[in-house]
Amino acid sequence: MFTIETRPGDPDSLEGDALVQFVFEGETDLPLALSALDERLNGALSELVSSGEMKGKLHESTLMHTANRLPTRRLMMLGAGKRGDLNAERTSHLFGQAARTANGKGWATLVFGSTALPSGSLSPEETLRAGMSGAVVALGRGDLYKTGEKKEDKLERIVLAGADQNDGWNRAAQAGQALGEGVNLARELVYQPPADMTPTILGERARALGERFGFETTILDKAALEELGAHALLAVSRGSAEEPRMIRLRYGDFPGKPVLGLVGKGLTFDSGGLCLKPADSMVDMKQDMSGAAAVLGAMHVIGTLKPEINIVAVCPSSENMTGPDAYKPGDVVRTLNGKTIEILNTDAEGRVILSDGLAYAQQSGATHLVDLATLTGACVIALGTVCTGVMGNSQAWVDRVLASAKEAGEKMWQLPLFDEYKEQIKSDIADVENSGGRPAGAQTGALLLQEFIQEGIEWTHLDIAGTAWSSADTKYRVKGATGVGVRTLLRLAEMMAANAG
Ligand code: BES
Ligand code: MN
Ligand code: ZN
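The text that follows walks through the structure, step by step, so that each part is easy to find.

How each quantity is defined
Just so you know, the residues in each chain are numbered from 1, in the order the chain's sequence is written. Key to labels: chains lettered from A, ligands numbered from 1, both in the order written. Side-chain atom pairs in this predicted model are given and counted only at pLDDT of 80 or more, local residue features only at pLDDT of at least 70, and totals for whole chains, interfaces and linings cover all residues. The basis for every side-chain value is the complete set of non-hydrogen atoms in the structure, without hydrogens or water. In this scheme, strands are said to pair when DSSP sees at least two bridges between them. Here a helix means four or more residues in a row that DSSP labels H or I, a strand means two or more in a row labelled E, and each is numbered from the N terminus. Whenever a carboxyl oxygen of Asp or Glu lies within 4 Å of a side-chain nitrogen of Lys or Arg, that contact is scored as a salt bridge. Burial status follows relative accessibility: with a 1.4 Å probe on protein chains alone, a residue under 20% of its type maximum counts as buried, one over 50% as exposed, and anything between as partly exposed. Distances decide who is a donor: an N, O or S atom must be within 2.8 Å of the metal, or within 3.2 Å for Na, K and Ca. Water is not included, so sites may look incomplete. The geometry test gives tetrahedral to four donors whose angles all lie between 85 and 135 degrees, gives square planar to four donors and octahedral to six donors whose opposite members are over 155 degrees apart with all other angles between 65 and 115, and gives irregular to the rest. N or O atoms closer than or at 3.5 Å make up a polar contact, with two conditions inside protein: a donor-capable atom paired with an acceptor-capable one, and, for residues adjacent in sequence, both atoms drawn from side chains. The contact criterion used throughout is that any non-hydrogen atoms of two residues lie within 4.5 Å. Every axis in this analysis is a line fitted to C-alpha atoms, fitted for helices over the stretch in contact. Angles between the N-to-C directions lie between 0 and 180 degrees. The pairing test for Phe, Tyr and Trp rings, Trp by its six-membered ring, is centres within 6.5 Å, and the orientation test on the planes gives stacked under 30 degrees, edge-to-face over 60, and tilted for anything in between.

1. Topic: the sheet that holds strand E12 (residues 332-334)
Read across the sheet, 3 strands follow the order E12-E13-E17 without closing on themselves; strand pairing throughout is mixed. In the strand order of this sheet, the two ends are held by E12 and strand E17 (432-433), each with one partner. Here strand E13 (residues 340-342) runs beside E17; their pairing, made up of 2 bridges, is parallel. Bridge pairing in E17 links Glu 342 to Glu 433.

2. Topic: the pattern of salt bridges
For the structure on display, the rule yields 24 salt bridges. Here Glu 5 and Arg 7 are joined by a salt bridge, their closest N and O atoms 3.5 Å apart. On the basis of relative accessibility, which here comes to 22%, the residue Glu 5 falls in the partly exposed class. If you follow the salt bridges from partner to partner, you end up with Arg 129, Glu 407, Arg 491 and Glu 494 in one network.

3. Some points on the coordination of the manganese ion (ligand 2)
The manganese ion (ligand 2) binds to the protein through Asp 270 (OD), Asp 347 (O), Asp 347 (OD) and Glu 349 (OE); the donor distances cover 2.0 to 2.2 Å. One way to put it: the 6 donor atoms around the manganese ion (ligand 2) meet at angles of 72 to 168 degrees, and that makes the site irregular. Mapped onto the sequence, the donors of the manganese ion (ligand 2) take the spacing D-x76-D-x1-E. A spacing of 3.1 Å is found between the manganese ion (ligand 2) and the zinc ion (ligand 3), which share Asp 270 as a donor. On the accessibility criterion, Glu 349 (0% relative accessible area) is buried.

4. Thoughts on the side chain of Thr 335
Relative to the assigned elements, Thr 335 resides in the loop between E12 and E13. Of the residues examined, Thr 335 reaches a relative accessible area of 3% and is grouped as buried. Here Lys 339 takes part through its backbone oxygen, which lies 2.8 Å from a polar atom of the side chain of Thr 335. What Thr 335 contacts, discounting residues up to four positions off in sequence, is Gly 229, Ala 232, Ile 341, Ser 355, Asp 356 and Phe 452.

5. With respect to the sheet that holds strand E2 (residues 18-23)
In spatial order, the strands read E1-E6-E5-E2-E4-E3; together these 6 strands make up an open sheet with mixed pairing. The open sheet has two edge strands with one neighbour each: strand E1 (3-7) and strand E3 (61-65). With strand direction ignored, the average angle separating the axes of adjacent strands in the sheet is 25 degrees. Where E1 lies against strand E6 (residues 157-161), 5 bridges are found, and the strand directions are parallel. Across the sheet, residue Ile 4 finds its bridge partner in E6, namely Ile 158. Across the sheet, helix H3 (residues 88-105) is in contact with E2, E3, strand E4 (74-79) and strand E5 (109-113); its angle to E4 comes to roughly 140 degrees.

6. Brief notes about the packing of aromatic side chains
Summed over the entire model, instances satisfying the criterion amount to 7 aromatic pairs. For the pair Phe 215 and Tyr 251, a centre-to-centre distance of 6.1 Å together with 90 degrees between the ring planes defines the contact as edge-to-face. One end of the pair, Phe 215, is in the loop between helix H6 (199-213) and strand E7 (216-220); the other, Tyr 251, is in strand E8 (residues 245-251), with 36 residues separating them in the sequence. Since its relative accessible area comes to 7%, Phe 215 is described here as buried. Among the residues examined, Tyr 251 registers a relative accessible area of 11% and is labelled buried. An angle of 40 degrees between the planes, with centres 5.9 Å apart, marks the rings of Phe 418 and Tyr 421 as tilted. Pairwise contacts between aromatic rings join Phe 22, Phe 95 and Phe 112 into one cluster.

Below, the structure is given as structure tokens:
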């Protein structure tokens, strides 16, 4: 991965393969910050913009060679869309586009001018953090298993130039890098094929993370789960030759501060179990541990940036398979907190293992919970792949998570948990049943989770079934795992660190 350097001095005084500049849609006058540059290029910039040849539409791009008029060999003009629409998400995508383009063209050094950063409502620090994280994410790869000539990354340095920079800018750029690494860690865990990302291996990866950052690490194996009484997790894993794991990482020793519980669904492969999925629905089901991946990715960033907050991260992990001992429709499982679930559909396994995960996080002292899960196809139908579904038992806490997501640059949208939906998961034989049928499927999934939240504990559920995986390449990221959730979790941890006593 490239290094990020901040340098005093004008951007047009530095050598490099390309200098990146942004053009906003509907702004035909060149911003003042670019006038010196324009002069050195004999007015080429102002002509480009005023002639309407470059309109500044989002992700539009023009490349000019500078023919020795600048020490950078090229000028890359990127359309940033309307200034008023610029936010953290767009900023990360724009810097990502620049980095992905540069890497693809084999350029080693990319220069950004600090006076000409795209800004709207974001502070320079926010711009840098979002931007640098996007550049790191842009170089994340999905071709982990291609043999033959391995395409090496070409981009070596991103240089941020400008006379006006300070320590805060430097810190923000470094934080952006750590954030991008956390997102890429989550993506890499998801990209791994099921045979190479079993619950056991996920547990080992979590242990390595714990050792690196000094987290208190507990990985419960099958015997330990039996001892504990996590029969829901055990039931789901019974059809598989792979042992389940319950992963727990603890960070922070700040007495009197809240304990943020992050719970991630870690289904390393979801075949549907005996209620087997059709082949087309099963093909990408290695992604069913994206919630756990996001939690571990976030812990990477938290270990690096060290916000003053207590965190307990819990990831129940299992395969959902059809082996001879597989759990069956009609089975009743007794969960870690004692409540019973009747299994109607073995493919609604995420909520079953999360019941134990949520109980374990609360036993571990969590006061505020956020769970992330590729939980329901229904959420994909409701919201598409554009935004994450948000539900919870406390509007104040949901609002905080939504605010974090907005600031972090991830789209999320709340769905209601009306009491009426609870009728759909009432069981004749047990406390609840694990499938509420098709109507309001995202909400009934969430309501089952809510059954496992104790009185007085605030909980928000993020259904990332539509957002964890993207089916097409973009200008700023290869297709596949997105690492969704990492950014929001970091922002939430920071927000809590800033607000709590
Ligand atoms: N892992 C799936 C949900 C999913 C679907 C994730 C598409 C990512 C993309 C989950 O375990 C599942 O199978 N849910 C069922 C629940 C139903 C049986 C109540 C579903 O959505 O069909
Ligand atoms: Mn399933
Ligand atoms: Zn699943």
